[in-house]
Structures are given as C-alpha cells and as structure tokens.
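# Observations on the three-dimensional arrangement
What follows is the residue order along each chain.
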Amino acid sequence: MIIFKVDAFTSEPYRGNPAGVCILEADIPDSDKQNIAMEMNLSETAFLQKRNDGYDLRWFTPAAEVELCGHATLASAHILWEESLLGANDEARFHTLSGLLTARKQGSWMTMDFPAEPEVETVMPPDIERVLGIKPVYAGKNRFDFIFEFESEEQVKDLRPDLNLLAILDCRGVIVTAPARDDYDFVSRFFAPRVGVSEDPVTGSAHCCLGPFWEKRTGEKAFRAFQCSARGGEVSVTVEGERVLLGGRAVTVMECRMR
C-alpha cells in the first residue's frame, strides 16, 4: 500500500498543512484506516477508492473520522493529477460524508467546490477569556465549530489557548479570525484538540465558514485568506450562495510503502 505525504495550501515543502493520501485498490476495515491515520500522525489522512463516477473519499485524524476536510481533499486531488490518474482537464469527483465534492486544476492552483457552512451568532461561552487568553468581540457557531472574531491580526497570531479547556467545548474545533493588515483580507487559526488536532496548520473546512462570515461583514464574495499558524498557508475563498470555492496549491514531500 502506497501512502503519499502532501503539503497542502502551499507551493513550498514544509509549509501549509501536511496530509496523508492513501489510494486503496480494495477497501480495508475502518479500524485499519484509523490505525494508519494514527501511525501517520498528521491532522488528516485521506483514503480514496475508485468508483465509476469518481472516488470514495474519507478522512481520519489520529483520533477520529471527520465529516469534512479541505486540505486532505486538496492533497488527494493533487496526487490524482500528479500520478496521471486524472488528466489535467479532468474534474476530480469525490463522494464523501458531506456529499459530492469536486475539484478543477488551473495551472499550479486547484479549486474545490465545497458546501458553505455558515455560522449563527451564539452566546459567548462562559470563561472563554480564560480558555483563549483574551475575550473575543463576537461568538458564532455552525454544525462543526465555534468561530470567534478578534479585533486585530496580532491578537490572532499571539493567541495561546488552553487546549485542555478548549477540548471541553461542545464542538469539533474552534476558528479564530480577524481582519488582515496588508496582503490578505482576513487571517485565521484553527484548534481541534477534541479530535486529536491541537492546532491545524491550514484548514479548508474552516474557510467554508469563514467565507460566509466575512461576506456578511464586508459585502464581498471573493477573498485572499491566510491561516497564520507556525507553518502558514494561503487559501482563496469565493462564496457562491450555498457553496464555497476554495483554491490552493500543493506539493508532494514523501512517498512510502506500508507493509
């Protein structure tokens, strides 16, 4: 079994968000998928299996299966094109727990068609200032995550949340965001200790929430976003009604064979 390690939402090795990509010739038990993801110890490992109209695609963190993952989908599409399993003009089609997801290649960039995951305003969780280290100016929640808005990019970059307290929150993870200063429209970070990911370097699925969130605030539909984790990564975001187009690049850094 071949597994690729791909850095997604970047054109440089050792930046962006690393994902495992495993193309299965035949299905394997979910327990094996989970153990492989645990062995890879990346935010997500993607498992693909060919079908008549595309690929079945599932994503596993080291601790659990997730319903939606952007960077491992981008990494999967990248491998399909890089390994000539798809032609440059072919559409990548993925059947997932979040429905049909598609991707198109445009030079070095790939654009994925994902469901929008808008948030609604919610009551600020108690003791959130103690959890995050600073009180947000806004709290929202969608079916996956909390989203907290801060006043400045510096506050997002300097955030040092208490991960033990954060893991108690009733959600997959926590998105934090603020307007960007210079080259981008907004910045973000994402924490998900409850599913085994302390901080995710670049989170495509979070931008399914961030796109509609910033559309409401700015009236714009297209954004250049930067997830300002230690590795960092760039995401293009275009809101189209109930869908969000996520764009990014990827680079393969490793190919290995599992026994």
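We now turn to the structure provided with this report. Fair warning: this is a prediction, and the values are worked out from it, not measured in the lab.

This structure, assessed with the given rule, holds zero disulfides. The closest cysteine sulfur to the non-disulfide-bonded Cys-256 is located on Cys-22, 9.0 Å from its own sulfur.

This part is about the pattern of salt bridges. Where charged atoms from two side chains of opposite charge come close, those side chains can pair. Under the definition given, this model contains 25 salt bridges. For Arg-58, the salt bridge is made with Asp-30, and the minimal N-O distance between the two is 2.9 Å. With a gap of 28 residues between them, Arg-58 in strand E4 (residues 54-60) and Asp-30 in helix H1 (residues 30-40) connect regions that are remote in the sequence. Residues participating in the shared-partner salt-bridge network are Asp-27, Asp-30, Lys-33, Arg-58 and Glu-65.

Before going further, it helps to spend a moment on helix H6 (residues 204-218). Helical geometry: 3.6 residues make up each α-helical turn, so side chains three or four residues apart lie on a common side. Compared with an ideal rise of 1.5 Å per residue, which puts 15 residues at 21 Å, H6 spans 21 Å between its outermost C-alpha atoms and is within 8% of the ideal. Among the 15 residues that make up H6, twelve are buried, leaving the element largely enclosed by the rest of the structure. Among the residues making up H6, those that are buried are Gly-204, Ser-205, Ala-206, His-207, Cys-208, Cys-209, Leu-210, Gly-211, Pro-212, Phe-213, Trp-214 and Glu-215. Gly-219 occupies a position one or two residues after H6 and carries a positive phi of about 80 degrees.

A few words on the packing of aromatic side chains. One pass over the full model with this rule turns up seven aromatic pairs. Ring geometry for Phe-47 versus Phe-60: centroids 5.8 Å apart, planes at 85 degrees, classification edge-to-face. A residue pair is termed long-range when its members are at least 10 positions apart, and Phe-47 in strand E3 (residues 44-51) and Phe-60 in strand E4 qualify at 13 residues. Relative accessible area serves as the criterion here: at 2%, Phe-47 is assigned to the buried category.

Using the criterion set out here, one finds one cavity of 30 Å³ or more in the structure. Volume-wise, the largest cavity comes out at about 100 Å³. Considering the residues around the largest cavity, the lining is formed by 15 residues, among which Glu-44, Arg-172, Phe-190, Asp-200 and Thr-203 are closest to the centre. Per-class residue counts for the lining of the largest cavity are seven nonpolar, five polar and three charged.

Here strand E6 (residues 92-96) runs beside strand E7 (residues 99-106); their pairing, made up of five bridges, is antiparallel. Of the residues in E7, the one forming a bridge with Phe-94 is Leu-101. Once E6 ends, the chain turns through two residues before running back antiparallel as E7. Where E7 lies against strand E8 (residues 109-115), five bridges are found, and the strand directions are antiparallel. By the bridge assignment for E8, Thr-102 is matched with Asp-113. Here E7 folds back onto E8 in antiparallel fashion, the turn holding two residues, of which Gly-107 has a positive phi close to 65 degrees.

Before going further, it helps to examine the environment of Pro-126. Its location among the elements puts Pro-126 in the loop between strand E9 (120-121) and helix H3 (128-132). When the C-alpha atoms of Pro-126 and Leu-245 are compared, they prove to be 34 Å apart, with 119 residues separating the residues in sequence.

For residues that are not glycine, phi is negative in most cases, and the peptide bond is trans in most cases. Unlike most non-glycine residues, Tyr-14 shows phi in positive territory, near 70 degrees. Positionally, Tyr-14 belongs in the loop between strand E1 (2-8) and strand E2 (17-24). Residue Tyr-14 is classed as exposed on the basis of its relative accessible area, which comes to 64%. Phi at Asn-41 takes a positive value of approximately 55 degrees, unusual for a residue other than glycine. If you trace the backbone, Asn-41 turns up in the loop between H1 and E3. For Asn-41, a relative accessible area of 58% translates into the label exposed.

The rules behind the values
Residues numbered from 1 in each chain as written. Predicted model: local features only at pLDDT ≥ 70, side-chain atom pairs only at ≥ 80, totals over all residues. Heavy atoms only, no water. Disulfide = S-S within 2.5 Å. Salt bridge = Lys/Arg side-chain N within 4 Å of Asp/Glu carboxyl O. Helix = DSSP H or I, 4+ residues; strand = E, 2+ residues; numbered from the N terminus. Expected span 1.5 Å × (residues − 1). Buried < 20%, exposed > 50% of the residue type's maximum accessible area, 1.4 Å probe, protein only. Phe/Tyr/Trp six-rings, centres within 6.5 Å; stacked < 30°, edge-to-face > 60°. 1 Å grid on protein atoms, 1.4 Å probe; cavity = no way out; pocket = protein on both sides within 12 Å on 5 of 7 lines; lining within 4 Å. Points joined across faces, edges and corners; volume = space filled by probe spheres on them. Nonpolar A, V, L, I, M, F, W, Y, C, P; charged D, E, K, R; others polar. Pairing = 2+ DSSP bridges.

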